[in-house]
Amino acid sequence: MRKLKQAILYECATKIRPVAIFYAIECAITAAIFAIVSILTGGKHMGSNGLEISSVVFVSVLGILSYREDFKELIQNGYTRKYIYLSNICMFLVICGTMALIDTIVGNGIHHFTGGTYFTLYGVLYGYGDPLANWLWLTALYLMVCSVFYLGALVISKVGKLVFLFIGVGISGLILLVGALFQFVLSAETVQAIALFCRTAMGFLGDGSIYVALPVLTFLILAALLNALSYGVIRRTELK
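Residues numbered from 1 in each chain as written. Predicted model: local features only at pLDDT ≥ 70, side-chain atom pairs only at ≥ 80, totals over all residues. Heavy atoms only, no water.

Student: Even after reading the chapter, I still don't get the overall build of the chain, so can you show me in this structure?
Tutor: A count of helical and extended segments in the chain gives nine helices and zero strands. For the chain, the sequential pattern of α-helices and β-strands runs α-α-α-α-α-α-α-α-α. Out of the 240 residues in the chain, the part that is buried amounts to 35%. Considering only residue pairs separated by 6 or more positions, the chain has 78% of its internal contacts joining residues 24 or more positions apart. For the chain, the exposed area adds up to about 13600 Å²; of that, 74% sits on carbon and sulfur atoms. (Helix = DSSP H or I, 4+ residues; strand = E, 2+ residues; numbered from the N terminus. Buried < 20%, exposed > 50% of the residue type's maximum accessible area, 1.4 Å probe, protein only. Contact = heavy atoms within 4.5 Å. Areas by Shrake-Rupley, 256 points an atom, 1.4 Å probe, with all protein chains shown as cover.)

Student: Even after reading the chapter, I still don't get a nonpolar patch on the surface, so can you show me in this structure?
Tutor: Taken together, the side chains of Ile21, Ile25, Ile29 and Ile33 define a hydrophobic patch exposed on the protein surface, amounting to about 350 Å² of accessible area. According to the relative accessible area criterion, Ile29 is partly exposed, its value standing at 47%. (Patch = residues over 30% accessible without salt bridge, like charges linked within 9 Å, V, L, I, M, F, W, Y side chains within 5 Å. Salt bridge = Lys/Arg side-chain N within 4 Å of Asp/Glu carboxyl O.)

Student: Got a minute to help me understand the packing of aromatic side chains in this structure?
Tutor: Under the criterion given, the structure shown has nine aromatic pairs. Centre to centre, the rings of Tyr126 and Phe204 are 5.3 Å apart; their planes meet at 10°, and the pair counts as stacked. Here Phe204 lies in the loop between α8 (188–201) and α9 (213–234) and Tyr126 lies in helix α5 (residues 121–126), a separation of 78 residues in the sequence. With a relative accessible area of 28%, Phe204 lands in the partly exposed category. Each residue in the set Tyr122, Tyr126, Trp137, Phe204 and Phe219 is aromatic and connected to the rest through ring pairs, giving one cluster. (Phe/Tyr/Trp six-rings, centres within 6.5 Å; stacked < 30°, edge-to-face > 60°.)

Student: I'm lost on the packing of helix α4 (residues 81–113) against α9 in this one. Help?
Tutor: Think of two packed helices as two axes; the pair is described by the angle between the axes and how far apart they sit. Between α4 and α9, the least distance of the axes is 10 Å, while the angle of their chain directions is 150°. By the angle between their axes, α4 is roughly antiparallel relative to α9. Once α4 is placed against α9, the crossing between them reads as right-handed. For the pair α4 and α9, the contacting residues are Arg81, Lys82, Ile84, Tyr85 and Ile89 in the first and Asn227, Ala228, Ser230, Tyr231 and Ile234 in the second. Looking at side-chain class alone, the contact of α4 with α9 contains six nonpolar, two polar and two charged residues. (Axes fitted to C-alpha atoms, helices over the stretch in contact; angles between N-to-C directions. Parallel < 35°, antiparallel > 145°, perpendicular 65-115°, else oblique. Left-handed = near helix turned anticlockwise from the far one by under 90°. Nonpolar A, V, L, I, M, F, W, Y, C, P; charged D, E, K, R; others polar.)

Student: When you look at α9 in this model, what are you seeing that I'm missing?
Tutor: The end-to-end C-alpha separation of α9 is 31 Å, in line with the 32 Å expected for 22 residues at 1.5 Å each. Inspection of α9 places Pro215, Val216, Phe219, Ala223, Leu226, Asn227, Ser230, Val233 and Ile234 among the buried residues, and these make up the whole buried set. Down the axis of α9, the buried set is contained in an arc of 105°. They therefore lie on one face. Those residues of α9 that are exposed and angled more than 90 degrees off the buried face are Leu225 and Leu229. (Expected span 1.5 Å × (residues − 1). Arc of directions from axis to C-beta.)

Student: Even after reading the chapter, I still don't get the state of the cysteines, so can you show me in this structure?
Tutor: Formally, a disulfide is one covalent bond, and it connects the sulfur atom of one cysteine to the sulfur atom of another. Tallied over the full model, the rule gives zero disulfides. Summary of cysteine pairing: Cys96 is not part of a disulfide, and the nearest cysteine sulfur, belonging to Cys146, is at 4.6 Å. (Disulfide = S-S within 2.5 Å.)

Student: When you look at the nonpolar core in this model, what are you seeing that I'm missing?
Tutor: Soluble globular proteins tend to bury their nonpolar side chains together. In terms of nonpolar packing, the biggest core is built from 47 residues, with Val59, Phe92, Met99, Trp137, Leu141, Tyr142 and Val212 touching the most fellow members. Every element with two or more residues in this core is listed here: α1 (2–40), α2 (50–68), α3 (71–76), α4, α5, α6 (131–159) and α9. The dominant element in this core, judged by the number of residues it contributes, is α6, at 15 residues. In contact with Phe92, not counting residues within four places along its chain, are Gly63, Ser66, Gly97, Leu143, Cys146 and Tyr150. (Core = buried A, V, L, I, M, F, W, Y, C linked by side-chain atoms within 4.5 Å.)

Student: I keep staring at the side chain of Asn134 and nothing clicks. Help me out?
Tutor: Note that Asn134 resides in helix α6. For Asn134, a relative accessible area of 2% gives the class buried. In contact with Asn134, not counting residues within four places along its chain, are Thr104, Asn108 and Tyr122.

Shown next, in the form of structure tokens:
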């Protein structure tokens, strides 16, 4: 357990500086945009909902680099693949939760400060009345995205870039096939049932009410499945 704790602290400590740099740059860009738009509009504050989108891009990169940068360092220092995997999952939870908290506070703060002209990703979908649900939703979303790219980095390392490229082509073809099935093969009732399931999974119930716990649960289940696959891959990943 001591080595696991050390691995977790190492993983989190190496991410503090990148996260700080990311938010410093993002705040500078946001301030510049507000200043320019304010001048152009005669003092009216306006903005976009790019805060969470930028964070999604950042956690995507984090998921990739968490394997590429840390796996060799930890395994060369005697850590098992199990400990490396667990330390990464704990780091993902800490970083994603922290970034989600910052984005929730800043996003809602800018929204109210600008008189509602800035729209957060969560607010557009579910409204602004529950900051706790906002934080949980963003945490689960960031964790799922991070898990997707972490698995992708592991698969690339295991099978090679060329094979991974063919896998990507196959997935793209499968998406096109599914689209064709929806358009030409499946009945209207089946398509409506699938659409209703997807809306429900995102928290939009048939009676018009919204239940935010459902998308949080959906994201967490997907993240758990992705991480289970990641563990299966990392157990067979050799140091290159």
